[in-house]
Amino acid sequence: MASFSNVSKFCLLALTALTTVLSASGAGKQTDVTYKDITFIVISQPNTYHANRAQLLKEDFEKQVKQLNLKGDDRPALYLLHETEGLPELGAWTLFPVFSVFSNVFPSTPWVFFCEEETRIKLPKLLNVLKGFDSSKDVFLGRGLHDSHISIIHHFYGFEDPEAFAFPDLRAGFLISRPLVNRLAEMMIDLSAADLNSVDFNIDPKHEFARYLSEKLATNLTELTEFCVLDSEDCATYDNLRFPQCGAAIPDDDLSIAVKTCGKFHADRVPVVKKTWDRESRNIEYFSDVDDPSIPTITLGIPNTERGHCGKTMAIIRRAAERKEFAGKKWLLIADDDTIISLHRLRLMLACYNASEEIALGERYGYMSARGYGYDYITGGGGMLFSWPLLERLAKECSCPSDDAPDDMILGMCLKRIDVKITHSPYIHQARKEDYSEDFVKHRTHVSFHKHWDCDPLETYKFLQTDVPSEHDEL
Ligand SMILES: *[C@@H]1O[C@H](CO)[C@@H](O)[C@H](O)[C@H]1NC(C)=O
Ligand SMILES: *[C@@H]1O[C@H](CO)[C@@H](O)[C@H](O)[C@H]1NC(C)=O
């Protein structure tokens, strides 16, 4: 009998401890929550293709609202950021500037849900998830991604235990509770007090935002299996798309490609390009400071620079804009000699975009964008794409302060000045495949990665050749 009572006492203690843990994270008791208690915010983009994709999400959402017979005050609100008035001009994609105006723009609901344009939400299931959480506590819910080692794209965060830190997969969306929204909003009123130093460079907003919540608001992501990428019965959210599907790839001749290299890389990097993606196009030119007929290279009279390559990049842009042989081209890709890219996939993706519009496409980074006053830029390593109408404007309206200024950032500043928003592609990558969370890489199809060090670029290229998996083959 004595041992039985000890066991039950132990169980009781364990149960009390568990309840304490759960209620600290806002979980545990059943709460009353209705659809109108959630504000939905889609991190959308103004580019026509992306705006249309976000519109599809909105239509899917509205269909459910109708099926659930939610009317008038019972309707939950959904916002597409690119068409929401009252936001700062810049940086909403980093999320921070959204909070600087939150109460002026959005209703003060107990819950706020953020997601991407391809996220799909099953409203009843999401509501069910929320029934287990208390919105008066600090709650941050989503699908967790983890780094298996410290990563350059996450500012080498989490040195002691990189696996431990969870950041939300935006494809699955995430939820935060009102107290967190209010505290963020308060902090963003005074930027010097907000202490955004850790996010001066905006590289991976989902990680930077989660890190900020962890460090400044002592709130970590609670990982829930109902937030999904691949859909299944139990999922409240999932990712609708692995790779854009816009019909046939654009013709090879619509795309002109410039590879930036220099003398010291002719022997090691260029042969890798020649062995891989060079074979996918007859429109590749190599630009170098050194003549090398075996490649062959084009020299532009710009000496090689160790730091940035603004002089070289602007000369490439001007040459393409001015020369007759480029007449009829629709896109220019500027890549590095250590970019690893599938041109086939790139041409498939470009079929989604209207090349008559002014488009700057690639992986978007930001400098001071989280403060709402810096600038966004396309980070060069994964490839920068310019539609021809924009290219012609860049040739006329942009210039380099010096040949060795960073080309991608100078172009970003110029794009801001001429009021062209960068179009972000989640398929183009500045870093090595190894630098991204494995779980992030796994469920999407990718166009490019960058850098040869400490990885096998031929393997990466092979990875980019493997068939786009069909939607449900991993279920
Ligand atoms: C959040 O997670 C980190 C591990 O990444 C941990 O060091 C920290 O103590 C956690 N914070 C809270 C408030 O639980
Ligand atoms: C492409 O963009 C141009 C310029 O904005 C526009 O005139 C044209 O109608 C667009 N084409 C399509 C198919 O939307």
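Reading the values: rules and limits
- Sequence order sets the numbering: in each chain, residues are counted from 1 along the sequence as written.
- Working convention: letters from A go to chains and numbers from 1 go to ligands, in the order in which they are written.
- Where local features are concerned, this predicted model is filtered to residues with pLDDT of at least 70; where side-chain atom pairs are given and counted, the filter is 80 or more; whole-chain, interface and lining totals use all residues.
- By convention in this description, side-chain values take in all heavy atoms of the structure and omit both hydrogens and water.
- Under the scheme used here, helices are H or I runs from DSSP no shorter than 4 residues and strands are E runs no shorter than 2 residues, and both carry numbers assigned from the N terminus.
- Radius of gyration means the value over C-alpha atoms here, while the globule rule gives 2.2 Å times the residue count to the 0.38 power.
- For every accessible area listed, the method is Shrake-Rupley and the probe measures 1.4 Å; residues are considered covered only by the protein chains on display.
- Within this scheme the basic residues Lys and Arg register as positive and the acidic residues Asp and Glu register as negative, but His and the chain ends are omitted.
- Where a charge lies is defined by one atom per residue type, namely NZ (Lys), CZ (Arg), CG (Asp) and CD (Glu).
- Any residue with a non-hydrogen atom lying within 4 Å of a molecule or strand is treated as near it.
- Under the rule applied, a polar contact is a pair of N or O atoms within 3.5 Å (in protein, one hydrogen donor and one hydrogen acceptor; residues adjacent in sequence only if both atoms are side-chain atoms).
- Just so you know the grouping, Ala, Val, Leu, Ile, Met, Phe, Trp, Tyr, Cys and Pro go in nonpolar, Asp, Glu, Lys and Arg go in charged, and all remaining residues, Gly too, go in polar.
- Here an axis means a line fitted to C-alpha atoms, over the contact stretch when the element is a helix, while the angle between two N-to-C directions is reported on a 0 to 180 degree scale.
- Each angle gets one of four labels, with under 35 degrees taken as roughly parallel, over 145 as roughly antiparallel, 65 to 115 as roughly perpendicular, and the rest as oblique.
- The contact criterion used is simple: two residues touch if any of their non-hydrogen atoms lie within 4.5 Å.
- All the domain ranges listed were derived from an automatic or database domain assignment.
- By definition, the buried area sums, over both parts, the 1.4 Å-probe accessible area that each loses when the two are put together.
- Salt bridges are identified by distance alone: a Lys or Arg side-chain nitrogen within 4 Å of an Asp or Glu carboxyl oxygen.
- A pair of cysteine sulfur atoms is labelled a disulfide when the two atoms are within 2.5 Å.
- The buried label applies to any residue whose accessible area, calculated with a 1.4 Å probe on protein chains only, is under 20% of its type's maximum; exposed applies above 50%, and partly exposed to all values in between.
- We call two strands paired when DSSP finds no fewer than two bridges between them.
- To estimate the expected span of a helix, count its residues, drop one, and scale the result by 1.5 Å.
- Working definition: rings of Phe, Tyr and Trp (its six-membered ring) pair if their centres are within 6.5 Å, and the pair is stacked with planes under 30 degrees apart, edge-to-face with planes over 60 apart, and tilted otherwise.

Draft legend 1. Seen up close, the overall build of the chain. A count of helices and strands for the chain gives 15 helices and 22 strands. For a compact globule of 475 residues, the expected C-alpha radius of gyration is about 23 Å, and the chain comes in at 24 Å, within 12% of that figure. For the chain, the spread of C-alpha atoms along the principal axes amounts to about 90 × 55 × 45 Å. Accessible surface for the chain amounts to roughly 20700 Å². Of this, 53% is attributable to carbon and sulfur atoms. In the chain, which carries 52 positive and 71 negative side-chain charges, the distance between the mean positions of the two groups comes to 2 Å.

Draft legend 2. The arrangement of the site of ligand 1 in detail. What surrounds ligand 1 is the set Ala 164, Phe 165, Ser 214, Ala 218 and Asn 220. Here an oxygen atom of ligand 1 and a side-chain polar atom of Asn 220 are 2.3 Å apart. When isolated, ligand 1 has an accessible area of 360 Å², and the protein chains bury 43% of it. Residues belonging to the shell around ligand 1 are distributed by class as follows: 3 nonpolar, 2 polar and no charged.

Draft legend 3. Region of the structure containing the packing of helix H6 (residues 178-189) against helix H8 (residues 205-217). H8 packs onto H6 with a crossing angle of 90° between their chain directions and a minimal axis gap of 12 Å. For the element pair H6 / H8, the angle class is roughly perpendicular. Where H6 abuts H8, its residues Leu 180, Arg 183, Leu 184 and Met 187 lie against Phe 209, Tyr 212, Leu 213, Lys 216 and Leu 217. When its residues are assigned to classes, the contact of H6 with H8 shows 7 nonpolar, no polar and 2 charged.

Draft legend 4. Focus on the site of ligand 2. Residues in contact with ligand 2, as listed here, are Asn 354, Ser 356 and Glu 357. For ligand 2, an oxygen atom lies 2.3 Å from a polar atom in the side chain of Asn 354. Burial of ligand 2 by the surrounding chains reaches 26%, relative to a free accessible area of 360 Å².

Draft legend 5. Structural context of the domain arrangement of the chain. Domain boundaries assigned for the chain yield domain 1 (32-239) and domain 2 (252-465). Between the C-alpha centres of domain 1 and domain 2 there is a distance of 30 Å. With 39 residues of domain 1 at the contact, the number on the domain 2 side is 32 residues. Here domain 1 and domain 2 share an interface that buries about 3100 Å² over both sides, 52% of which is from carbon and sulfur atoms. Contact with domain 2 buries surface across domain 1, with Leu 90, Trp 93 and Arg 171 losing the most and accounting together for 20% of the total. Linking domain 1 to domain 2 there are 4 salt bridges. Across the pair Arg 143 and Asp 439 runs a salt bridge whose closest N-O atoms are separated by 2.9 Å. Between domain 1 and domain 2 we count 17 residue pairs in polar contact (both at pLDDT 80 or more) in total.

Draft legend 6. Structural detail: the environment of Arg 364. Its place among the elements puts Arg 364 in strand S18 (residues 364-367). Measuring from C-alpha to C-alpha, the distance between Arg 364 and Gln 45 comes to 12 Å, with 319 residues separating the pair along the chain. Residues in contact with Arg 364, not counting those within four places in the same chain, are Gln 45, Trp 93, Ile 203, Asp 376, Tyr 377, Ile 422 and His 424.

Draft legend 7. Just the state of the cysteines, in detail. Going through the model one piece at a time under the given rule, you end up with 4 disulfides. One disulfide bridge connects Cys 228 with Cys 235, the sulfur atoms lying 2.0 Å from each other. Its S-S torsion of about -95° marks the bond between Cys 228 and Cys 235 as left-handed, since a negative value means left-handed. We note that Cys 228, like Cys 235, is buried. A sulfur-sulfur distance of 2.0 Å marks the disulfide that ties Cys 246 to Cys 352. Measuring handedness by torsion sign, the sulfur bridge of Cys 246 and Cys 352 sits at about 100° and is right-handed. Taken together, the residues Cys 246 in the loop between strand S11 (237-239) and strand S12 (255-260) and Cys 352 in the loop between helix H11 (343-350) and strand S17 (360-362) connect sequence positions 106 residues apart. Judged by its relative accessible area of 11%, Cys 352 is buried. Each disulfide of the chain joins two cysteines, and with those cysteines numbered along the sequence the arrangement is 1-2, 3-5, 4-7, 6-8. For the unlinked cysteine Cys 262, the closest cysteine sulfur is that of Cys 310, found at 16 Å. The cysteine Cys 455 is free of any disulfide, with Cys 262 supplying the nearest cysteine sulfur at 18 Å.

Draft legend 8. Examining the pairing of strand S8 (residues 174-177) more closely. Here S8 shows two buried faces, one formed by Phe 174 and Ile 176 and the other by Leu 175 and Ser 177. Two elements, strand S3 (residues 111-115) and S8, share 4 bridges in a ladder whose sense is antiparallel. Paired with Trp 111 across the bridge in S8 is Ser 177. For strand S5 (residues 140-142) and S8, the ladder comprises 3 bridges, and the chain directions are antiparallel. If you follow Leu 141 over to S8, its bridge partner there is Leu 175.

Draft legend 9. Structural detail: helix H10 (residues 310-322). The terminal C-alpha atoms of H10, which comprises 13 residues, lie 18 Å apart, in line with the 18 Å expected from a rise of 1.5 Å per residue. By the criterion of burial, H10 is predominantly enclosed, with 10 of the 13 residues buried. Residues of H10 that are buried include every one of Cys 310, Gly 311, Lys 312, Thr 313, Met 314, Ala 315, Ile 316, Ile 317, Arg 319 and Ala 320, and no others.

Draft legend 10. Molecular detail of unusual backbone geometry. Looking along the chain, the bond that leaves Ile 295 and enters Pro 296 is cis, with omega of -15°. With respect to the helices, strands and loops of the structure, Pro 296 is situated in the loop between strand S13 (284-288) and strand S14 (297-299).

Draft legend 11. Geometry of the packing of aromatic side chains. Under the defined criterion, the tally for this structure stands at 25 aromatic pairs. Between Phe 201 and Tyr 367, the ring centres sit 5.0 Å apart and the planes meet at 50°, which makes this aromatic pair tilted. Of the two residues, Phe 201 sits in strand S9 (residues 201-202) while Tyr 367 sits in strand S18, which places them 166 residues apart along the sequence. With relative accessibility at 26%, the residue Tyr 367 sits in the partly exposed group. Summarising the aromatic geometry, the rings of Trp 331 and Tyr 353 are spaced 6.4 Å apart at their centres and angled 80° between planes, so their arrangement reads as edge-to-face.

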